[in-house]
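The lines below spell out each chain.
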Amino acid sequence: MDEAPYVLNLPEGFPYPDIPEDNALTAARVALGKRLFYDPILSADSTISCASCHRQALAFADAAAISPGAGGRLGFRNSPTLANVAYLTLVNKDGGVPKLDLQPLVPIEDHNEMDLSILDAARRLNAHPDYPAAFQRAYGEEATPFTITRALGAFMRILISGNSDFDRHERGEGGLSESALRGRGIFFGERAQCGSCHSGFNFTDNSFFNNGLYDTYADPGRQRATFLPEDEGKFRVPTLRNIALTAPYMHDGSLPTLEAVIAHYDSGGSQHPNKDPRVRPMGLSELEKSDLLAFLQALTDSVFISNPAFLPE
Ligand code: HEC
Ligand code: HEC
């Protein structure tokens, strides 16, 4: 086993993420996870990899409202960005998965995603000409449900994004246009209060809210995990980093553009009883809407989407 650590380079203001004791971040684990992430060997018909739905050029999200999985089948949620997933406290939009290292089990086994039992995945990898040596280097054992999911978790932890025009501005290096600066004021201001849910270094407080998308939800969101009526229509507040790259938006990809998102919040949204009171009609002027858009566009990290360290060797 090769225990050489992987050194995470964190942007200013980013805390060191919690790394589970049973999956210390090593270069061998990251390299193995990266290879698995891009390898269709983890899908039943060997056509779909994690990267099919999480594409680096799109901040590891996808352009389709619902991305097709094995056999062209469709699931029911929009592929989210994987930027900064190292910081998630609960995983998936409904928080139904408690740890990042367990999450890969969901897409690998899901009939609409990769449709392969994890035991079959392990058998395939252990019969492969060079994966067994890579698993030995990374974990000192063969491919198992534990080591497959841990290696993917290790790779996803290095997907750190914090190098946007907004970050340059916060470091006092300029970077924001006049319009984006005014948009920043609106975003964090009293009227829109975007920054009270989309807060902190990753533009999320990791909590669950109903942001008034529907009167009736086909997807009950957080309620799927808790069964509580007060959780109906609540979803985890998503990061807004690289948001200009991850259209379409919301849990079901129903809003095609950032203009549509801004129009949604400006209108005050639905009448759902769980809707958070901060989502209410705002009466933004056309100029204010375009300023808010300019601010959201300044959250793109162009280094992140072209970093060769995230590509397989
Ligand atoms: C067919 C498309 C598809 C494939 C293939 C796929 N994903 Fe996803 N991924 C999604 C969707 C859709 C979600 C949102 C699921 C939810 O919230 O219920 C998601 C969510 C996630 C999340 C949670 C992110 C968050 O913000 O909570 C992680 C982590 C993740 N995927 C990693 C992976 C890994 C690793 C693989 C490969 C083993 C993979 N995905 C394969 C579509 C896909
Ligand atoms: C009450 C908390 C709350 C407030 C206030 C709020 N949001 Fe959100 N936002 C959410 C939640 C929760 C979601 C996810 C909803 C879903 O997945 O259906 C979301 C989703 C989004 C998305 C789509 C993200 C994606 O990846 O699909 C954007 C963009 C966004 N919000 C921008 C804003 C802006 C701009 C404001 C201010 C005008 C704002 N939000 C105010 C909670 C909030």
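Residues numbered from 1 in each chain as written. Chains lettered and ligands numbered in written order. Predicted model: local features only at pLDDT ≥ 70, side-chain atom pairs only at ≥ 80, totals over all residues. Heavy atoms only, no water.

1. A word on the overall build of the protein chain
Short version of the rule: Where helices and strands are cited, they refer to DSSP runs of H or I of at least four residues and of E of at least two residues respectively, numbered from the N terminus. C-alpha atoms define the radius of gyration, and 2.2 Å times the number of residues to the power 0.38 defines the globule rule. Relative accessibility decides the category of a residue: with a 1.4 Å probe and only protein chains considered, values under 20% of the type maximum give buried, values over 50% give exposed, and everything between is partly exposed. We call two residues contacting when some pair of their heavy atoms lies within 4.5 Å. Counted charges follow a simple rule, with Lys and Arg positive, Asp and Glu negative, and His plus the chain ends left uncounted. Here the site of a charge means atom NZ of a Lys, CZ of an Arg, CG of an Asp or CD of a Glu.
Across its full length, the protein chain holds 12 helices and two strands. Scaling as 2.2 N^0.38, a compact globule of 313 residues should have a C-alpha radius of gyration of about 20 Å, and the protein chain matches this with 20 Å. Counting only residues that meet the buried cut, the protein chain has 50% of its 313 residues in that class. Summarising the internal contacts of the protein chain: among those between residues at least 6 apart in sequence, 66% fall at separations of at least 24. Each charge class in the protein chain can be summarised by its mean position, and for the 27 positive and 40 negative side chains these summaries are 1 Å apart.

2. Let's talk about the site of ligand 2
To keep it simple, the criterion reads: Nearness of a residue to a molecule or strand requires only that one of the residue's heavy atoms be within 4 Å of it. Pairs of N or O atoms are called polar contacts if they sit within 3.5 Å, as long as, within protein, a hydrogen donor faces a hydrogen acceptor (for residues adjacent in sequence, only side-chain-to-side-chain pairs). Charged residues are taken to be Asp, Glu, Lys and Arg, nonpolar residues to be Ala, Val, Leu, Ile, Met, Phe, Trp, Tyr, Cys and Pro, and polar residues to be all remaining types, Gly included.
Near ligand 2 there are 20 residues, and of these Cys194, Cys197, His198, His251 and Tyr265 occur at the shortest range. Between Met250 and ligand 2, the recorded distance is 2.7 Å, taken from a backbone N or O atom to an oxygen atom. Here His251 contributes a side-chain N or O atom positioned 2.6 Å from an oxygen atom of ligand 2. Mapped by element, the contributors of at least two residues to the shell around ligand 2 are α9 (194-197) and α11 (258-267). Per-element accounting of the shell around ligand 2 gives the leading share, three residues, to α11. Here the residues of the shell around ligand 2 are counted per class, giving 14 nonpolar, four polar and two charged.

3. Things to note about the coordination of the iron atom of ligand 1
As a reminder, the rule being used: The donor set comprises N, O and S atoms within 2.8 Å of the metal, extended to 3.2 Å for Na, K and Ca; water molecules are omitted, so apparent gaps in a site may simply reflect that omission.
Its sole protein donor being His54 (NE2), the iron atom of ligand 1 sits 2.1 Å from that atom. Locating His54 in the fold gives a position in the loop between α2 (50-53) and α3 (105-109).

4. Some thoughts on the environment of Leu245
For Leu245, the location among the structural elements is in the loop between β2 (235-236) and α11. Distance in space between the C-alpha atoms of Leu245 and Ser207 is 23 Å, their sequence separation being 38 residues. Excluding residues within four positions of it along the chain, Leu245 makes contact with Ala57, Leu58, Ala59, Thr300 and Ile305.

5. Quick look at the domain arrangement of the protein chain
Convention followed: For the purposes of this description, domain bounds are those given by an automatic or database domain assignment. By convention, the term buried area covers the 1.4 Å-probe accessible surface removed from two parts as they join, with the contributions of both added. Should a side-chain nitrogen of Lys or Arg be within 4 Å of a carboxyl oxygen of Asp or Glu, the pair is scored as a salt bridge.
By domain assignment, the protein chain separates into domain 1 (21-160) and domain 2 (165-297). One C-alpha centre belongs to domain 1, the other to domain 2, and the line joining them spans 28 Å. Summing both partners gives a buried area of about 1800 Å² for domain 1 against domain 2, and 53% of it is carried by carbon and sulfur. Considering only the surface of domain 1 that becomes buried against domain 2, Asn78, Lys93 and Asp94 emerge as the three largest contributors, covering 25% of it. Counting across the interface, domain 1 meets domain 2 through two salt bridges. Close ionic contact of Arg77 with Asp219 constitutes a salt bridge, the shortest N to O distance being 2.7 Å. Here the side of domain 1 that touches domain 2 is composed, by residue class, of 14 nonpolar, seven polar and four charged.

6. Quick notes on the coordination of the iron atom of ligand 2
Definition in use: When four donors show all angles between 85 and 135 degrees the site is tetrahedral, when four or six donors have opposite pairs over 155 degrees and all other angles between 65 and 115 it is square planar or octahedral respectively, and in every other case it is irregular.
At the metal site, the iron atom of ligand 2 is ligated by His198 (NE2) and Tyr265 (OH), and these contacts range over 2.0 to 2.1 Å. Of note is the iron atom of ligand 2, whose six donor atoms meet at the metal with angles of 84 to 179° in an arrangement that counts as octahedral. Here His198, found in the loop between α9 and β1 (208-209), pairs with Tyr265, found in helix α11; they are 67 residues apart in sequence, far enough to count as distant.

7. Description of the pattern of salt bridges
In the structure shown here, the tally under the stated rule is 20 salt bridges. Notably, a salt bridge pairs Arg35 with Asp130, separated by 2.7 Å at the nearest N-O pair. With Arg35 in helix α1 (residues 27-37) and Asp130 in the loop between α4 (118-126) and α5 (131-139), this residue pair connects regions lying 95 residues apart in the sequence. Looking at Arg35, the relative accessible area reads 31%, which means it is partly exposed. Salt-bridge contacts for Lys289 lead to Asp266; the nearest nitrogen and oxygen are separated by 3.7 Å.

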